[in-house]
Amino acid sequence: MTSRAPARPVGTVTRGTTNPNRLRRMDRWIAATHGAALRRTADPVAVDLGYGAAPWTAVELLWRLRSVAPHARVVGIEIEPARVAAAKPYERDGLVFRHGGFEIPIPRRPHLVRAANVLRQYDESEVAAVWERLCSRLAPATEDSPGGLLVEGTCDEIGRRHVWVALGPEGPRTVTFATRLGSLDRPSDLAERLPKALIHRNVRGEPVHAFLRDFDRAWAAAAPYASYGARQRWIRAVRDLTADWPVTDGPVRWRQGEVTVRWEALAPRD
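Residues numbered from 1 in each chain as written. Predicted model: local features only at pLDDT ≥ 70, side-chain atom pairs only at ≥ 80, totals over all residues. Heavy atoms only, no water.

J.: Mind laying out the pairing of strand β4 (residues 112–116), listing which residues take part and the relevant values?
T.: Summarising burial for β4: five of the five residues are buried, a large majority. Bridge count between strand β1 (residues 45–49) and β4: three bridges; the pairing is parallel. Looking across to β4, one finds that Ala-46 is bridged to Leu-112. Pairing of β4 with strand β5 (residues 149–155), which is carried by five bridges, proceeds in the parallel orientation. Opposite Ala-116, over in β5, you have Gly-153 as the bridge partner. (Buried < 20%, exposed > 50% of the residue type's maximum accessible area, 1.4 Å probe, protein only. Helix = DSSP H or I, 4+ residues; strand = E, 2+ residues; numbered from the N terminus. Pairing = 2+ DSSP bridges.)

So this is what it looks like as structure tokens:
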């Protein structure tokens, strides 16, 4: 009887670019919005998918999740074996590293999958299939839980500007724009960090283009609030946006330089 060879991981090796604290905005949002669901789970498992050439983002994810869900565990998954080997010395209680890809080779369905800067090198036409595969691996929804969460997006090299899509087992739910407000000239500066599903849709006639256009207009109209600081200007601009766009969060998150919008409002036109 011959043994079966291990299945080949699904996906492509990324550039592996990573920096400490790069994903802090995404992590803080996850902790704030998904922390309660993780706390209600007896043994919550999170995946840092494609953590890159160094394990810093996985280490930081564990620390930030445990601040809101003390029993959370993190599995760092990388498709490049050498990166997994390099990360092994950083394993600790609640943190392990595994070789794999989009198939997420762990025995349990995770309650969180974070995939940051992973799909940027893929074609837009490939995104839907990757989303579907990853969502199918999430913990299912129950009467007491909305199910697992996939957070997929893109940020700059030091994490000042970030845009991500949050998806549940049923598919995409929201899009979040997050920035260090002091680095922003206008909200449309975030267009260069749109995730792969949206970045080529920032053209006239597409919803995401209309949203960023309206955001710039609201930002310009809120210019008098700049004397109180960029944060107050951002809050006023987002408040004005709520008249025409389905913003799902409130001032507590806006103060962090964030705004979250329903996916359906920004989804690409067929």
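Additional details are given in the paragraphs that follow.
J.: Tell me about the nonpolar core, and please be specific about residues and values.
T.: Counting residues in hydrophobic clusters, the biggest one holds 54 residues, and the most contacted among them are Trp-131, Phe-177, Phe-211 and Trp-234. Per element, the largest residue contribution to this core is seven residues, and it comes from helix α6 (residues 207–221). Discounting chain neighbours no more than four positions away, the residues touching Trp-131 are Leu-119, Leu-150, Glu-152, Val-165, Leu-167, Pro-172, Ala-197 and Trp-263. Formed by 29 residues, the second largest nonpolar core is a distinct cluster that contains Met-26, Trp-29, Ala-31 and Leu-65. (Core = buried A, V, L, I, M, F, W, Y, C linked by side-chain atoms within 4.5 Å. Contact = heavy atoms within 4.5 Å.)

J.: I'd like a description of the packing of α6 against helix α7 (residues 230–241), backed by residues and values.
T.: It is at 8 Å that the axes of α6 and α7 come closest, and there the two elements cross at 125°. One element, α6, and the other, α7, form an angle in the oblique class. Read as a crossing pair, α6 and α7 show a hand that is right-handed. In this structure, α6 contributes Phe-211, Asp-214, Phe-215, Ala-218, Trp-219 and Ala-220 to the contact, and α7 contributes Ala-230, Arg-233, Trp-234, Ala-237, Val-238, Asp-240 and Leu-241. Tallied by class, residues from the contact of α6 with α7 come to 10 nonpolar, no polar and three charged. (Axes fitted to C-alpha atoms, helices over the stretch in contact; angles between N-to-C directions. Parallel < 35°, antiparallel > 145°, perpendicular 65-115°, else oblique. Left-handed = near helix turned anticlockwise from the far one by under 90°. Nonpolar A, V, L, I, M, F, W, Y, C, P; charged D, E, K, R; others polar.)

J.: Give me the lowdown on the packing of aromatic side chains, citing residues and values where you can.
T.: Within a pair of aromatic rings, the relevant descriptors are the distance that separates the centres and the angle that separates the planes. Counting across every chain of the model gives 10 aromatic pairs. Aromatic side chains Phe-102 and Tyr-122 sit 5.7 Å apart centroid to centroid with 55° between the ring planes, which places their arrangement in the tilted category. Of this pair, Phe-102 sits in the loop between β3 (95–99) and β4 while Tyr-122 sits in the loop between β4 and α4 (124–137), and the two are 20 residues apart along the sequence. Accessibility assignment for this pair places Phe-102 and Tyr-122 in one class, buried. An aromatic cluster of at least three residues, connected via ring pairs, comprises Phe-177, Phe-211, Phe-215, Trp-219, Trp-234 and Trp-245. (Phe/Tyr/Trp six-rings, centres within 6.5 Å; stacked < 30°, edge-to-face > 60°.)

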